[in-house]
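Given next are the chains, with one letter for each unit.
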Amino acid sequence: MLVGVEIGRSGHFDRTLDELALLAESAGDTPVARVIARRQAPDAALFVGSGKADEIKLLVQAHQAHTVLFDQAISPAQQRNLERVLGVPVADRTALILEIFAARAKSHEGKLQVELARLQYLATRLVRRWSHLERQSGGIGMRGGPGEAQIELDRRMIDERIKATKERLKKVQRQRGTQRRARERNEVFKVSLVGYTNAGKSTLFNALVKARSYAANQLFATLDTTTRSMYLEAAGTSISLSDTVGFIRDLPHKLVEAFRATLQEAAEADLLLHVVDAASPVLDEQMIEVERVLEEIGAAGIPQILVYNKLDALEDSQRPRGLVDSLERPGAGPRVPRVFVSALTGEGLDLLREQIVQAMQAHGLNDLESAPFAHNLNDRHEHEQH
């Protein structure tokens, strides 16, 4: 059961709950019904208020729903109260995203980052979350001192795991930093793909570098940053191209924090390819959200090329007259180049490569023929095949 609550005049409320439905499907759930509520302020006890909670309960029973998913963040107390009233587990958008991330993370670093975010989220849910945690434990052979509450022991264990996970992450991040510095010493021009989740970044990445990164029509198909060398014939040199995790509305702050190392590839890039789903009816809102996260990770000032992907999904009447023009970045001032492409069919990719070369020249790499890799044909072909 999907529930969306519009609080006051919230600017980015999704009345369709389509994105929450996609998130649910990505987590392996099947949405059976959708409920929209409107409140001036959240109800302290039940978030939606007792009347709406009773209405949701009847729908849960009618549809035999196993879980109720909220599109907004709910407090531990509200979650506990709702579960008591509805008689089924309740989760919010943050928990759902964390579940998807936990299932999709493949690299050691990605798994550690998800583990850290989940532990930090769980720590807030320990406040009277489960009744068994309220029992006192003590005496000979028991963990902790006499009378120490189970909840305190669990919190202490979680704190210790958070600390240990942070230490392990630091070690992995140092290794990543060493690799990044090696690329910097080679003076490789660094390009990062950023964009809203499911905009087609991984498909575009594969098309540009002939890689085999996992790409699927689902939210958060890619969690781990992949970097490959990409040869640009017009420049006579290679650049490094990185595919990063997709952004999403209301991305939990703890996840942005936990994935800071992964997103560091974007923050330290020379150029960002901001990939946009040209066929999305809410592309403006999605672009604004991406800009907001870029600001948060310190990447707002990096030069951009807007890549309007999924040209193949547009009706003939929606297709642009030309595939290259310029556009103002939402809330970010100056106009930037825009290229319409189809990562699926390859249309417009040559024009995108030309725009990347122009961005390199603007960056100051005018003497491209003398750049690293320019004359090493064997290395170049090896990179492309890899």
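Residues numbered from 1 in each chain as written. Predicted model: local features only at pLDDT ≥ 70, side-chain atom pairs only at ≥ 80, totals over all residues. Heavy atoms only, no water.

Draft legend 1. Focus on the confidence of the model for the protein chain. Averaged over every residue, the pLDDT of the protein chain is 82; the share at 70 or more is 79%. Taken element by element, the protein chain is modelled with least confidence in helix H12 (residues 377–385), mean pLDDT 39, and with most confidence in strand S3 (residues 68–70), mean pLDDT 97. The low-confidence segment residues 127–147 (pLDDT under 50) makes 37 contacts with residues lying over four places distant or belonging to another chain. For the stretch residues 366–386, pLDDT sits under 50, and the model shows 29 contacts to residues farther than four places along the chain or on other chains. (pLDDT = per-residue confidence, 0-100. Helix = DSSP H or I, 4+ residues; strand = E, 2+ residues; numbered from the N terminus. Contact = heavy atoms within 4.5 Å.)

Draft legend 2. Structural detail: the packing of helix H4 (residues 93–104) against helix H5 (residues 108–125). Two numbers describe how H4 lies on H5: the axes approach to 10 Å, and their chain directions differ by 150°. In terms of axis orientation, H4 runs roughly antiparallel to H5. In this structure, H4 crosses over H5, and the sense of that crossing is left-handed. Residues Thr94, Ala95, Leu98, Phe101 and Ala102 of H4 touch H5, and the partners they reach there are Val114, Ala117, Arg118 and Tyr121. Its residues assigned to classes, the contact of H4 with H5 shows seven nonpolar, one polar and one charged. (Axes fitted to C-alpha atoms, helices over the stretch in contact; angles between N-to-C directions. Parallel < 35°, antiparallel > 145°, perpendicular 65-115°, else oblique. Left-handed = near helix turned anticlockwise from the far one by under 90°. Nonpolar A, V, L, I, M, F, W, Y, C, P; charged D, E, K, R; others polar.)

Draft legend 3. Structural detail: helix H1 (residues 18–26). Turning to H1, its buried residues number three or more, namely Glu19, Leu20, Ala21, Leu23, Ala24 and Ser26. Buried residues in H1 make contact with strand S1 (2–7), strand S2 (34–39), S3 and H4. Gly28, located one to two residues past H1, shows a positive phi value of around 90°. (Buried < 20%, exposed > 50% of the residue type's maximum accessible area, 1.4 Å probe, protein only.)

Draft legend 4. Representation of the pairing of strand S11 (residues 304–309) in the model. Burial analysis of S11 places six of its six residues in the buried class, which makes it a mostly covered element. Bridge count between strand S10 (residues 271–277) and S11: six bridges; the pairing is parallel. Across the sheet, the residue bridging to Val276 is Tyr308, located in S11. In this fold, S10 hands off to helix H10 (residues 283–296), which returns the chain to S11; that crossover is right-handed. Summarising the sheet, S11 and strand S13 (residues 335–340) pair through three bridges and their orientation is parallel. (Pairing = 2+ DSSP bridges. Right-handed = clockwise from strand over helix to strand, strands pointing away.)

Draft legend 5. Just the environment of Met157, in detail. Within the secondary structure layout, Met157 lies in helix H6 (residues 150–185). Note on Met157: relative accessible area 38%, which makes it partly exposed. Sequence spacing of Met157 and Ala123 is 34 residues, and the spatial spacing of their C-alpha atoms is 9.9 Å.

Draft legend 6. Representation of the sheet that holds S11. The strand order across the open sheet formed by seven strands is S8-S9-S7-S10-S11-S13-S12, and the pairing between neighbours is mixed. The strands lining the two open edges of the sheet, one partner per strand, are strand S8 (226–232) and strand S12 (324–328). The mean inter-strand angle of the sheet, taken between neighbouring strand axes irrespective of direction, is 30°. Taken together, the five bridges between strand S7 (residues 190–195) and S10 define a ladder with parallel strand orientation. Residue pairing for S10: Val191 is matched across the bridge by Leu271. Across the face of the sheet, H10 comes into contact with S7, S10, S11 and S12 while running at roughly 150° to S10.

Draft legend 7. How the structure looks around H10. Here H10 spans 20 Å end to end across 14 residues, near enough to the 20 Å set by a 1.5 Å rise per residue. Burial in H10 covers these residues: Leu283, Gln286, Met287, Glu289, Val290, Glu291, Val293 and Leu294. Considering only its buried residues, H10 is in contact with S7, S10, S11 and S12. The positive-phi residue at the C-terminal boundary of H10 is Gly298, with phi of around 80°. (Expected span 1.5 Å × (residues − 1).)

Draft legend 8. Focus on the packing of aromatic side chains. Applying the stated criterion across every chain, the model contains two aromatic pairs. Plain terms: the ring middles of Phe47 and Phe70 are 5.9 Å apart, the flat faces sit at 80° to each other, and that makes the pair edge-to-face. With Phe47 in the loop between S2 and helix H2 (50–63) and Phe70 in strand S3, the pair connects residues that are 23 residues apart, well separated along the chain. With respect to class, Phe47 is no different from Phe70; both count as buried. In this arrangement the basic side chain of Arg338 is found over the ring face of Tyr308, its NZ or CZ atom lying 4.8 Å from the centre. (Phe/Tyr/Trp six-rings, centres within 6.5 Å; stacked < 30°, edge-to-face > 60°. Lys NZ or Arg CZ within 6 Å of the ring centre and 35° of its normal.)

Draft legend 9. Focus on the sheet that holds strand S4 (residues 90–92). Read from one edge to the other, the open sheet built from four strands follows the order S2-S1-S3-S4, with strand pairing classed as parallel. The strands lining the two open edges of the sheet, one partner per strand, are S2 and S4. Averaged over neighbouring strand pairs, the angle between their axes works out to 25° when direction is ignored. Examined bridge by bridge, S1 and S2 share six bridges and lie parallel to one another. In the strand pairing of S2, Glu6 is matched with Arg38. Of the strands in this sheet, S1, S2 and S3 are in contact with H1, which crosses S1 at around 145°. Across the sheet, H4 is in contact with S3 and S4; its angle to S4 comes to roughly 80°.

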